[in-house]
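Remarks on the overall topology
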Amino acid sequence: KQEVTQIPAALSVPEGENLVLNCSFTDSAIYNLQWFRQDPGKGLTSLLLIQSSQREQTSGRLNASLDKSSGRSTLYIAASQPGDSATYLCAVSPSGGSYIPTFGRGTSLIVHP
Amino acid sequence: NAGVMQNPRHLVRRRGQEARLRCSPMKGHSHVYWYRQLPEEGLKFMVYLQKENIIDESGMPKERFSAEFPKEGPSILRIQQVVRGDSAAYFCASSPGLAETQYFGPGTRLLVL
């Protein structure tokens with residue numbers, strides 16, 4: 001059974017800092033890995049999706065890397081802003097079956113001015 | 001193209017009543033997923049449906065919970081005889097195909113008194 005762990009559980013930083021959020025998973029037989037953002041009381045917004053054959057994906061100030069063999073992914077946020085404050089979720093989809101993703105519990109990020 | 005729509009956004013029920021949660025997928029999406037998010041816990045998969053078919057219900061409680069996605073109309077998650085432990089946020093997601101990016105709705109917050 002896949003287990004997804006996200007560290008740290010919570011993070012509070014001043015504006016402008018570069019951040020690294022970590023995600024680890026126990027079963028390396030994955031199809032893809034996805035990072036989501038969830039604002040309080042809202043649904044999830046997809047940020048980046050990395051296929052199992054890829055090493056990283058970039059979108060604006062966000063960069064996600066994937067090391068499938070070691071079961072790790074990192075989400076790098078450059079020059080953080082107060083608007084980045086949210087919970088960031090990592091989700092891993094298995095290869096085969098119905099590809100249902102397993103989610104981590106998330107990292108709650110606060111960027112203060 | 002409207003996103004995934006869920007209604008109601010908030011639902012209050014007394015113990016023993018029934019709760020019906022509705023989800024309209026994005027236009028062109030025929031795959032629907034239901035998830036539950038309990039306070040202080042991660043997002044847990046419940047059921048995966050395509051039009052008129054349940055594909056994977058491995059995350060559904062065996063009793064009181066059911067889901068459908070009829071040929072016409074929204075997907076429905078039905079909870080009979082609700083108990084306080086059913087209080088949670090229920091999210092629906094849709095995708096155009098198997099293993100493709102899932103797009104999430106805003107969720108329905110169910111409170112059982």
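These remarks concern the structure in this document.

What counts and what doesn't
Residues numbered from 1 in each chain as written. Chains lettered and ligands numbered in written order. Predicted model: local features only at pLDDT ≥ 70, side-chain atom pairs only at ≥ 80, totals over all residues. Heavy atoms only, no water. Helix = DSSP H or I, 4+ residues; strand = E, 2+ residues; numbered from the N terminus. Polar contact = N/O pair within 3.5 Å; in protein donor to acceptor, adjacent residues only side chain to side chain. Contact = heavy atoms within 4.5 Å. Buried < 20%, exposed > 50% of the residue type's maximum accessible area, 1.4 Å probe, protein only. Pairing = 2+ DSSP bridges. Disulfide = S-S within 2.5 Å. Axes fitted to C-alpha atoms, helices over the stretch in contact; angles between N-to-C directions. Salt bridge = Lys/Arg side-chain N within 4 Å of Asp/Glu carboxyl O. Phe/Tyr/Trp six-rings, centres within 6.5 Å; stacked < 30°, edge-to-face > 60°.

**Structural notes on the side chain of Thr108(B)**
Residue and element names in this part refer to chain B. Within the secondary structure layout, threonine 108 lies in strand β11 (residues 108–112). Only 2.5 Å separates the side chain of threonine 108 from the backbone oxygen of proline 8, close enough to count as a polar contact. Look past the residues within four positions of threonine 108 in its chain and what remains in contact with it is Gln6, Asn7, Pro8, Arg9, Leu11, Leu21, Ala88, Ala89 and Tyr90.

**Some details on the pairing of strand β5 (residues 43–50) of chain B**
All names here are of chain B. When you tally the buried positions in β5, you get six out of eight residues, the bulk of the element. One ladder, built from seven bridges, connects strand β4 (residues 31–37) with β5; its direction is antiparallel. Bridge pairing links histidine 31 to glutamine 50 in β5. Taking the residues between adjacent antiparallel strands as the criterion, β4 and β5 are bridged by five residues, where glutamate 40 takes a positive phi near 65°. When β5 meets strand β6 (residues 53–56), the two strands line up antiparallel, connected through three bridges. Within β6, the residue paired with leucine 49 across the bridge is isoleucine 54. Taking the residues that link successive antiparallel strands as the turn, the β5-β6 hairpin has two residues, and the phi of glutamate 52 there is positive, at about 65°.

**Some thoughts on the state of the cysteines**
By definition, a disulfide is the covalent link that joins the sulfur atoms of two cysteine residues. Enumeration over the complete set of coordinates arrives at two disulfides over all chains. Residue pairing for Cys23(A): its cysteine sulfur links by disulfide to Cys90(A), the two sulfurs lying 2.0 Å apart. A torsion of -60° about the S-S bond marks the disulfide between Cys23(A) and Cys90(A) as left-handed. Remark: Cys90(A) occurs in strand β9 (residues 86–94) and Cys23(A) occurs in strand β3 (residues 19–25); sequence separation between them is 67 residues. Pair check on accessibility: Cys23(A) and Cys90(A) agree, each one buried. Here Cys23(B) engages in a disulfide with Cys92(B); their sulfurs sit 1.8 Å apart.

**A closer look at the sheet that holds strand β1 (residues 4–7) of chain A**
Residue and element names in this part refer to chain A. If you walk across this open sheet you meet the five strands as β1-β3-β8-β7-β6, and the pairing is antiparallel. The open sheet terminates on both sides in strands that have one partner only, identified here as β1 and β6 (56–59). The average undirected angle you get between the axes of adjacent strands in this sheet is 15°. Relative to strand β8 (residues 72–77), strand β7 (residues 62–67) is paired through six bridges, and the arrangement is antiparallel. By the bridge assignment for β8, asparagine 63 is matched with tyrosine 76.

**What to know about the pattern of salt bridges**
Residues and elements named next belong to chain A. Considering all chains together, one arrives at five salt bridges over all chains under this definition. Ionic pairing is found between arginine 37 and aspartate 39, a salt bridge with its closest N-O pair at 3.0 Å. For arginine 37, a relative accessible area of 17% corresponds to the buried category.

**A short note on the packing of aromatic side chains**
For any pair of aromatic rings, the description rests on two quantities: the centre-to-centre distance and the angle between the ring planes. Inspection of the entire model under this criterion finds eight aromatic pairs over all chains. Taking 6.2 Å as the distance between ring centres and 90° as the angle between the ring planes, the aromatic pair formed by Phe103(A) and Phe104(B) counts as edge-to-face. Here Phe103(A) is found in strand β10 (residues 102–103), whereas its partner Phe104(B) is found in strand β10 (residues 103–104) on a different chain. Classification of Phe103(A) by relative accessible area gives buried; the value is 6%. Considering the side-chain rings of Tyr35(B) and Phe45(B), the 6.1 Å spacing of their centres and the 70° angle between planes classify their relative orientation as edge-to-face. One end of the pair, Tyr35(B), is in strand β4; the other, Phe45(B), is in strand β5, and 10 residues separate them in sequence. Pair check on accessibility: Tyr35(B) and Phe45(B) agree, each one buried. Taken together, the ring pairs in this structure connect Phe36(A), Phe103(A), Tyr35(B), Phe45(B) and Phe104(B) into an aromatic cluster.

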